[in-house]
Amino acid sequence: MEARNESREPAGGARVRKTVTIVFSDVVGSTGLGERLDPESFQHVMTRYGSEMRRVLERHGGRVEKFIGDAVMAVFGVPVLHEDDALRAVRAALEMRAALADLNRELDRDYGVELGIRIGVHTGEVITDERVLDQGLIAGDAVNAAARLQASAPTGAVLIGPETHRLVSSAVRVRRHGDLELRGKTGRMRAWRVEGLAPDRLRLRRGGGAGMVGRRRELQALRRRFDAAVQTRRCVVTTVLGPAGIGKSRLVRQLVSEVEPGARIVVGRCLPYGEGITYWPLKEIVDDLGGVSALERLMPGAEQDAPAAAMVSGAIGRSQSTATAQDVQWAVRRLFESIARPQPLLIAFDDIQWAEPPLLELIEYLSDFMTSAPVGIVCLARDDLLERRPAWATAFGRGATLRLRPLSDTDSAKLLRGLAGREAARLRRFEILAAAEGNPLFLEQLVAIRSDDPSRAVPPSIQALLAARVDGLPHHARRVIEAAAVEGREFHRGVVAALLADHRDVNVDAGLEELEALELVRPAQRIYAGDSGYRFTHLLVRDAAYELIPKRRRAELHVGFADWLRGPAAEERELDEIIGYHLERAYTYRRELGRVDALPHRALAADASGYLSAAGRRVLRAGDRAAAVNLLRRAVALRPAEDPERASLLIDLGGMLGEEGRFSEASAALVQATRVAKACDDSALVARAQVERMLAHVQVDPDRVARQAARFGGQLARTLTEADDHAGLARLWHLRGLLSWIRARAGDASECWRWAAEQASLAADDRTLADALGWEASAATQGPTQVDEAFGRCTEILARLTTNPWAAALVQQQVAGLHGMRGEFDQAFALLDDAHEALAGFSPTVDAAVSHPEVLVSMLAGRPARAERHLRAGRRQLDAMGEKAVLASAEAMLGMAVLAQGRVEEADRLGRRSARLATDGDLSAQVLWRRVRAVALTEQDRPREAERLARDAVGLAERTDYLNDHAGALEDLAQVHEAAGDPDAAQSAREAALDVYRRKGNTVSSVRLERALAGVAS
Ligand SMILES: Nc1ncnc2c1ncn2[C@@H]1O[C@H](COP(=O)(O)OP(=O)(O)OP(=O)(O)O)[C@@H](O)[C@H]1O
Ligand SMILES: [Mg+2]
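Procedures and definitions
Residues numbered from 1 in each chain as written. Chains lettered and ligands numbered in written order. Predicted model: local features only at pLDDT ≥ 70, side-chain atom pairs only at ≥ 80, totals over all residues. Heavy atoms only, no water. Helix = DSSP H or I, 4+ residues; strand = E, 2+ residues; numbered from the N terminus. Rg over C-alpha atoms; globule rule 2.2 N^0.38 Å. Buried < 20%, exposed > 50% of the residue type's maximum accessible area, 1.4 Å probe, protein only. Salt bridge = Lys/Arg side-chain N within 4 Å of Asp/Glu carboxyl O. Expected span 1.5 Å × (residues − 1). Contact = heavy atoms within 4.5 Å. Phe/Tyr/Trp six-rings, centres within 6.5 Å; stacked < 30°, edge-to-face > 60°. Axes fitted to C-alpha atoms, helices over the stretch in contact; angles between N-to-C directions. Parallel < 35°, antiparallel > 145°, perpendicular 65-115°, else oblique. Left-handed = near helix turned anticlockwise from the far one by under 90°. Pairing = 2+ DSSP bridges. pLDDT = per-residue confidence, 0-100. Polar contact = N/O pair within 3.5 Å; in protein donor to acceptor, adjacent residues only side chain to side chain. Core = buried A, V, L, I, M, F, W, Y, C linked by side-chain atoms within 4.5 Å. Patch = residues over 30% accessible without salt bridge, like charges linked within 9 Å, V, L, I, M, F, W, Y side chains within 5 Å. Areas by Shrake-Rupley, 256 points an atom, 1.4 Å probe, with all protein chains shown as cover. Lys, Arg positive; Asp, Glu negative; His and termini not counted. Charge placed at Lys NZ, Arg CZ, Asp CG, Glu CD.

A. Examining the overall build of the protein more closely. Secondary structure assignment for the protein yields 45 helices and 16 strands. Taking 31 Å as the expected radius of gyration for a compact globule of 1018 residues, we find that the protein reaches 40 Å, considerably beyond that expectation. Expressed along its principal axes, the backbone C-alpha trace of the protein runs to roughly 130 × 70 × 60 Å. Across the 1018 residues in the protein, those meeting the buried criterion constitute 56%.

In structure tokens:
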């Protein structure tokens, strides 16, 4: 018998890429046989053998591809896939062996010979061309692997490979065979020897171990209908509908367990193919009842019972009987009526989407004519039933169909917990829940697959199930689903129509309707105006459809979609990332097919790269560095080695990586950039790469970068000026700003950053502009600029940064610092909290890890614990980045915060650590650690060392223009003097400090010192 699906046309005339199962068998020792037998007899034997094998293979739905000598190759999955292709193939292989045993008896009798056979079965991806139906071209490694398994099998054995094993393991008994070396390929392949089929656990299959979740309402509805049958003593038919794995059988199992003691239960299941006889489910029911011999016992009394029993056993092939369909209906009704006489009867027909028409008609007949027996009939079917038999939905009155929807989120989560138990936390819980979308079978399978191989995306059994559905679609639907899959989970009618413009034979609306009727897609919100939107009901369906498209066609469709996006239909949105993605996919598939040198392919890659880099710059402006890095990397990968654009993309990428603190990656990108720029002989590009390298290193080894900048800076500036490279100049001035800043010359740095901002403006380089402005704000707060003036400058800067929330947040912190110095702590802390929250939305950077204003304000407000918390968090981030320059001063600041809380020894340790980390040129850190240690040593009664460090700190601070640090160093010196019993020296140090604080406009510290001095004076 033919499988139902195969009555449909395969998706007309196209190459498809699919996972099929291949059976490869060969006769053992036929050469010897040829010598022993007369050629004519030999010919006869081999023909008998060949036709016998073909019969078996075809009966299971396989297609015999070729005979090579005595070897037979058959494919399961062409012209259409079935969810159980692998199992069909294995069953066919076992039956070939059995059929050969029968044949051998014949051959032995007639010729005194016997044949041996070896069989290999392998599942894998192939490309087939449906246009050549008879000579279906099957190509792929899978064929070789099947042949290899065959060649390694002992005589009489069936060997299967790992993919097949995964798909059939629950249905067969196997034994491990040794691994096979794969010729011409690297690596080995696992193999199993199939011993036989596992005992069939038929009854409402899939005995999931977990308890039932949800479905209370549905169960009640089923229950009510069964009770109605019992009360009215009439046959009531209910059909449970829903996609594969949604839980139809599970639901009915539950119903069965609830009505069990009071009712008799029988179950009949339809088979997807094969051993099919029309009334197979009836045969199962009779077996349930105790077999044919029990029929007469069940139907005693009336004189018509004996012929009825004979007709039933005839219908299930257990006796010769010439009963018509009408006879069978009548007989079956009598049978069920007699069973239902002593107690109610519940009959379940499972998987009736595979039922032959006479069986469906039998059910309809029972519903109409069995009017005096308490019989409930529950039919279970996948949605395709209605496609084959639309009238079924309304045949049994209101409430007769029950549609199972996906489980709710809560129920899914509950089921997952039940399945994975403690493991649930370890598994990627949300990912699994999201992928399963309320389908309990998918959930189970995903858990199973995740626990033993987390890298595998979709379990093979589910893949097979969905691929079979898509592959079996009628023509229009099949073409439409492919185009839709390329657009994505959400798609549009207009896009599909545009993509299929060259397929005149495809009716898009008909296809969409078919897909909707099968619940593969449903209408959804549209993204593009004037179009109608759709959505795949399940992401896995989209993936399955996509997988079936050959790469060449995928590339075409991706380009087609990108073109559509570039057209008028999709205006007004930021589509560069999506367009870039589709062009990138198209290029990747073409590369995999080995056709990339041709000019159009290069152009495609360049096009893709252009869109991705534009998208990268856009998301960077919005502050999403991590996404920008990803996009830029992809843009780089699409450029050939000698393309100047590649160099400039690498320079941008290196810059971003440097800012993210990924220094070694930044370095690698920039070294590459230099190499490409040199190969292109572009001196300005080389200069930019060098500037960017210094920028990336300035945080790691500032002294070295300072030396390099001193040596090459002038030349680099000239080269960039000659080339009118404002962007390059902006970066160079930014570098100079940073170097001055590290030398604690905030005034100079500020000047450099003004230049950088100007050049960046000219180059329309928003990123560097924002950086330069942000840094200038820091310099204004920390350097010689008076608080009120700094306020004005920061306000101007903020006004220029309205489109850059990240940079604006950093400037806000500086403004908080200024408020802090004025004693306006409420405003200061509110601003700090705001900024903190804004920055939390971005990936961490060196600049944002430790905030000087946060520390400054906390210390001024007498809240050193808050400063400590901030610094510890920042330190963890800096550590993770491998960052040192900022770490040295962060460590010393932490020492101060700790000291202010009276933890002297700890502070001293931190001071020492900072001393080790600080580079010679990092004056700020050099001042800070000495201050910490000077005070700590005073507390530890080591005045001489303390005084030396305090004096050095003041000396170094004088070389900087960090006024607060300078004043602080003087205050610390005062404390040291005081402890050493020298109040006069202390007094004059304090007066000097007060002077510096006043210059800065640091009201809080000035007032504090004024009071202290007044206290001494009085
Ligand atoms: N409500 C539920 N609670 C717990 N487990 C469930 C539930 N529904 C289904 N399952 C489990 O999910 C798996 C799939 O369910 P089931 O076999 O009933 O699906 P089905 O709809 O009958 O699919 P098919 O169309 O392939 O026959 C089974 O292992 C079943 O035990
Ligand atoms: Mg089922």
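B. Broad picture of the pattern of salt bridges. Throughout the structure, instances matching the rule amount to 69 salt bridges. For Glu 556, the salt bridge is made with Arg 553, and the minimal N-O distance between the two is 2.8 Å. In this pair, Glu 556 and Arg 553 both sit in helix α22 (residues 551-566), three residues apart, roughly one turn of the helix. Judged by its relative accessible area of 14%, Arg 553 is buried. Put simply, Glu 584 and Arg 634 hold a salt bridge, and the shortest N to O gap is 2.7 Å. Separated by 50 residues along the polypeptide, Glu 584 in helix α23 (residues 576-592) and Arg 634 in helix α25 (residues 625-637) bring together distant segments of the chain. When its relative accessible area of 10% is taken as the criterion, Glu 584 is described as buried. For Arg 634, a relative accessible area of 22% gives the class partly exposed.

C. Region of interest: unusual backbone geometry. Backbone geometry places Asp 351, a non-glycine residue, at a positive phi of 55°. Structurally, Asp 351 can be placed in the loop between β11 (345-350) and α12 (357-369). For Ala 744, which is not glycine, the phi dihedral falls at a positive 65°. Residue placement: Ala 744 occurs in the loop between α30 (726-742) and α31 (746-763).

D. Highlighting helix α24 (residues 599-621). An ideal rise of 1.5 Å per residue puts 33 Å on 23 residues; α24 measures up with 33 Å between its terminal C-alpha atoms. Against α22, α23, α25, α26 (644-659) and α32 (766-782) lie the buried residues of α24.

E. Expanded view of the packing of aromatic side chains. As enumerated under the stated definition, the model contains 11 aromatic pairs in all. When the ring of Trp 741 is compared with that of Trp 775, the centres are 5.8 Å apart and the planes differ by 70°; the resulting orientation is edge-to-face. In this pair, Trp 741 is assigned in helix α30 and Trp 775 in helix α32, connecting sequence segments 34 residues apart. What makes Trp 775 buried here is its relative accessible area of 16%. By way of ring pairs, the aromatic residues Trp 741, Trp 753, Trp 775 and Tyr 962 are connected into one cluster.

F. Region of interest: the packing of helix α28 (residues 683-698) against helix α29 (residues 702-722). Two elements in contact, α28 and α29, have axes whose closest approach is 10 Å; the angle formed by their N-to-C orientations is 160°. One way to sum up the angle between α28 and α29 is to call them roughly antiparallel. Seen from above, α28 lies across α29 with left-handed handedness. Contacts between α28 and α29 involve Ser 683, Ala 684, Ala 687, Arg 688, Gln 690, Val 691, Met 694, His 697 and Val 698 from the first element and Pro 702, Val 705, Gln 708, Ala 709, Leu 716, Thr 719 and Leu 720 from the second.

G. Representation of the sheet that holds strand β9 (residues 236-241) in the model. Strand order in the open sheet formed by five strands is β10-β11-β12-β9-β13, with parallel pairing between adjacent strands. The open sheet has two edge strands, β10 (264-269) and β13 (401-403), and neither has a second partner. Averaged over all adjacent pairs, the angle separating strand axes in this sheet is 20°, with direction ignored. Bridge count between β9 and strand β12 (residues 375-381): six bridges; the pairing is parallel. Looking at the pairing, Leu 241 lines up with Ala 381 of β12.

H. Structural context of the sheet that holds strand β15 (residues 521-524). The strand order β14-β16-β15 describes an open sheet built from three strands, whose pairing is antiparallel. Two strands close off the open sheet at either side, each with one partner strand: β14 (490-492) and β15. The sheet shows a mean angle of 40° between the axes of neighbouring strands, taken without regard to direction. Across four bridges, the pairing between β15 and strand β16 (residues 533-536) is antiparallel. Residue pairing across strands places Pro 523 opposite Tyr 534, the latter belonging to β16. The sheet strands contacting helix α18 (residues 475-487) are β14 and β16, and the helix crosses β14 at an angle near 120°.

I. Molecular detail of the confidence of the model for the protein. On average, residues of the protein carry a pLDDT of 86, and 91% of them reach 70 or more. Across residues 1-13, where pLDDT falls below 50, the model places 33 contacts with residues more than four positions away in sequence or in other chains. Across residues 200-209, confidence stays below pLDDT 50; counting only partners more than four residues off in sequence or on other chains, it has 23 contacts.

J. Quick look at α28. Given a rise of 1.5 Å per residue, 16 residues ought to cover 22 Å, and the 22 Å separating the end C-alpha atoms of α28 matches this to within 8%. Summarising burial for α28: 12 of the 16 residues are buried, a large majority. Within α28 the residues assigned to the buried category are Ala 684, Leu 685, Val 686, Ala 687, Arg 688, Ala 689, Val 691, Glu 692, Met 694, Leu 695, Ala 696 and Val 698. For α28, the secondary structure elements touched by its buried residues are α26, α27 (663-679), α29 and α30. At the N-terminal end of α28, a side-chain oxygen is found 3.3 Å from the backbone nitrogen of Ala 684, two or three residues along, and the residue is Asp 682.

K. A look at the nonpolar core. The biggest cluster of nonpolar side chains holds 109 residues, and the ones touching the most others in it are Val 698, Leu 735, Trp 741, Trp 753, Leu 801, Leu 818 and Leu 871. Contacts of Leu 735, omitting those with residues within four sequence positions, involve Met 694, Leu 695, Val 698, Val 705 and Ala 709. Listed in part, the 107 residues of the second largest apolar core include Leu 473, Ala 477, Ala 605 and Leu 632.

L. Structural context of the environment of Asp 350. Its place among the elements puts Asp 350 in strand β11. In this structure, the C-alpha to C-alpha distance between Asp 350 and Arg 269, residues 81 residues apart in sequence, is 4.6 Å. Within polar-contact distance, the side chain of Asp 350 engages the side chain of Ser 249 at 3.0 Å.

M. Up close: the pairing of β10. Buried residues dominate β10, accounting for five of its six residues. In this sheet, β11 lies alongside β10 in parallel orientation, the contact comprising six bridges. Along β11, the bridge assignment pairs Val 266 with Ile 347.

N. Just a positive patch on the surface, in detail. Among the surface-exposed residues, Lys 678, Arg 693, Arg 704 and Arg 707 lie close enough to one another that they form a single positively charged patch. Looking at the secondary structure, you find Arg 704 in helix α29.

O. Quick look at the packing of α24 against α25. Orientation of α24 relative to α25, taken along the N-to-C sense of each, is 165°, at an axis distance of 8 Å. It follows from the interaxial angle that α24 and α25 lie roughly antiparallel. Along this stretch, α24 crosses α25, giving a crossing that reads as left-handed. Residues Ser 609, Leu 612, Ser 613, Ala 615, Gly 616, Val 619 and Leu 620 of α24 form the contact with α25, whose participating residues are Arg 625, Ala 627, Ala 628, Leu 631, Leu 632, Arg 634 and Ala 635.

P. Broad picture of the environment of Gly 895. For Gly 895, the position within the fold is in helix α39 (residues 885-899). Exposure remark for Gly 895: the relative accessible area of 0% places this residue in the buried category. It is 81 Å that separates the C-alpha atoms of Gly 895 and Asp 26, two residues lying 869 residues apart in sequence. Among residues more than four places away in sequence, those in contact with Gly 895 are Ala 907, Leu 910 and Val 932.

Q. Representation of the environment of Leu 295 in the model. If you trace the backbone, Leu 295 turns up in helix α9 (residues 292-298). Judged by relative accessible area, Leu 295 falls into the buried class, the value being 1%. Along the primary structure Leu 295 and Tyr 587 are separated by 292 residues, whereas in three dimensions their C-alpha atoms are 67 Å apart. In this structure Leu 295 touches Val 286, Ala 309, Val 312, Ser 313 and Leu 335, once residues within four positions along its chain are discounted.

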